[in-house]
Amino acid sequence: MSLIFLAGLTPFGYGFIGVLLLSFILAYFWLKSNGKEYKLGCASLGIAGFIIWFILMFPTFITFSVIENGNTAAKIAIVIFWLFILGLIAYFKFAKDTSSVKNLIFGFFKYLFFLIVLGLFLVLFFGMAYYAYQRLFTTEKNEDPIWAALLCVFFVAVLIMAGFGMLNKNKEETKKVKSTFNSLKQAKLKPDSVIELNLSKSKLNQFPLEILGFKNLKFLILSHNEISEIPNDINKLDKLIGIDLSNNPISDAERNKIRRLLSNEVEIVF
């Protein structure tokens, strides 16, 4: 039985539906890669799917334009792009650690968004500034009411203040050092910045000795692993105030040893 509702669609119409389905598949694997026990909600999946679909619709328009009018080099570039998208889906499906790629993608779109906003800001700013200049300092457009020029000056001032505010906020954010880490590999790159370390469900068979080098560590989460023994040097982490060792095969004798090693002010969860 033929699908009547698809009858008469143009090639772009089929591509439109295909990209929509592809976007939701990519969104599903993207969110699913956050963890095996991550429960996907309809709202989060829908929002992520539509955002990805909105982004992919631009190259979709370009794809069909290139297919109709492009040269061979452009068509090869389009094929490479869509193979890259399919590769991303496969990566988020099978890769164990996707944090680095996620950070790279988020960083790319973050700076792209800032460039777009900056471009719109500059166009609006110079447009308003030129209008105010014409109205207040030249004889052009004398028929315009004076309040329009004053309103334009007001908006220009607001945009300038907003721009300085955003720049100042970005400077403050860059000064803040990342203190929470979910990867031992990333934490070792900045040992003095590690305040909280979450290695839950990392399939650890023993306590990573590298943790003892994080002198500013306050919160350590090692739950849902296969750790059975904690080294005596754990007491060298003098800033530690909380450690989660739940769902690990730790014996009662080992638990008593850990309690003796750590200060009474340290909260221990077994």
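Structure shown above.
### Things to note about the packing of aromatic side chains
This structure, assessed with the given rule, holds 1 aromatic pair. Seen in terms of ring centroids, Phe-81 and Trp-82 are 5.2 Å apart; in terms of plane orientation they differ by 80°. Their pairing is edge-to-face.

### Some points on the sheet that holds strand S2 (residues 196-198)
One open sheet accounts for 5 strands, arranged S1-S2-S3-S4-S5; its pairing is parallel. Strands at the two margins of the open sheet, each flanked by one partner only, are strand S1 (180-181) and strand S5 (267-269). Pairing geometry for strand S4 (residues 242-244) and S5, over 3 bridges, is parallel. In the strand pairing of S5, Ile-243 is matched with Ile-268.

### What about the pattern of salt bridges?
Evaluated as defined, the whole model comprises 2 salt bridges. Residues Asp-233 and Lys-236 are paired through a salt bridge, measuring 3.9 Å at the closest nitrogen-oxygen approach. The partner of Lys-257 in a salt bridge is Glu-254, and the shortest N-O contact between them spans 2.9 Å. Placement of both Lys-257 and Glu-254 in helix H7 (residues 252-261) is noted, with a separation of 3 residues, approximately one turn of the helix. On the accessibility criterion, Lys-257 (16% relative accessible area) is buried. A relative accessible area of 10% means that Glu-254 is categorised as buried.

### Observations regarding the layout of surface pockets
Its boundaries defined by the atoms lining it, the second largest pocket holds a volume of some 960 Å³. Forming the walls of the second largest pocket are 27 residues, and the residues nearest its centre are Ile-51, Ile-52, Ile-55, Ile-105 and Phe-109. Elements supplying a minimum of two residues to the lining of the second largest pocket: helix H1 (11-32), helix H2 (42-69), helix H3 (72-94) and helix H4 (99-137). Each residue belonging to the lining of the second largest pocket can be placed in one class, and the counts come to 26 nonpolar, 1 polar and no charged.

Conventions used here
- Residues numbered from 1 in each chain as written.
- Predicted model: local features only at pLDDT ≥ 70, side-chain atom pairs only at ≥ 80, totals over all residues.
- Heavy atoms only, no water.
- Phe/Tyr/Trp six-rings, centres within 6.5 Å; stacked < 30°, edge-to-face > 60°.
- Pairing = 2+ DSSP bridges.
- Helix = DSSP H or I, 4+ residues; strand = E, 2+ residues; numbered from the N terminus.
- Salt bridge = Lys/Arg side-chain N within 4 Å of Asp/Glu carboxyl O.
- Buried < 20%, exposed > 50% of the residue type's maximum accessible area, 1.4 Å probe, protein only.
- 1 Å grid on protein atoms, 1.4 Å probe; cavity = no way out; pocket = protein on both sides within 12 Å on 5 of 7 lines; lining within 4 Å.
- Points joined across faces, edges and corners; volume = space filled by probe spheres on them.
- Nonpolar A, V, L, I, M, F, W, Y, C, P; charged D, E, K, R; others polar.

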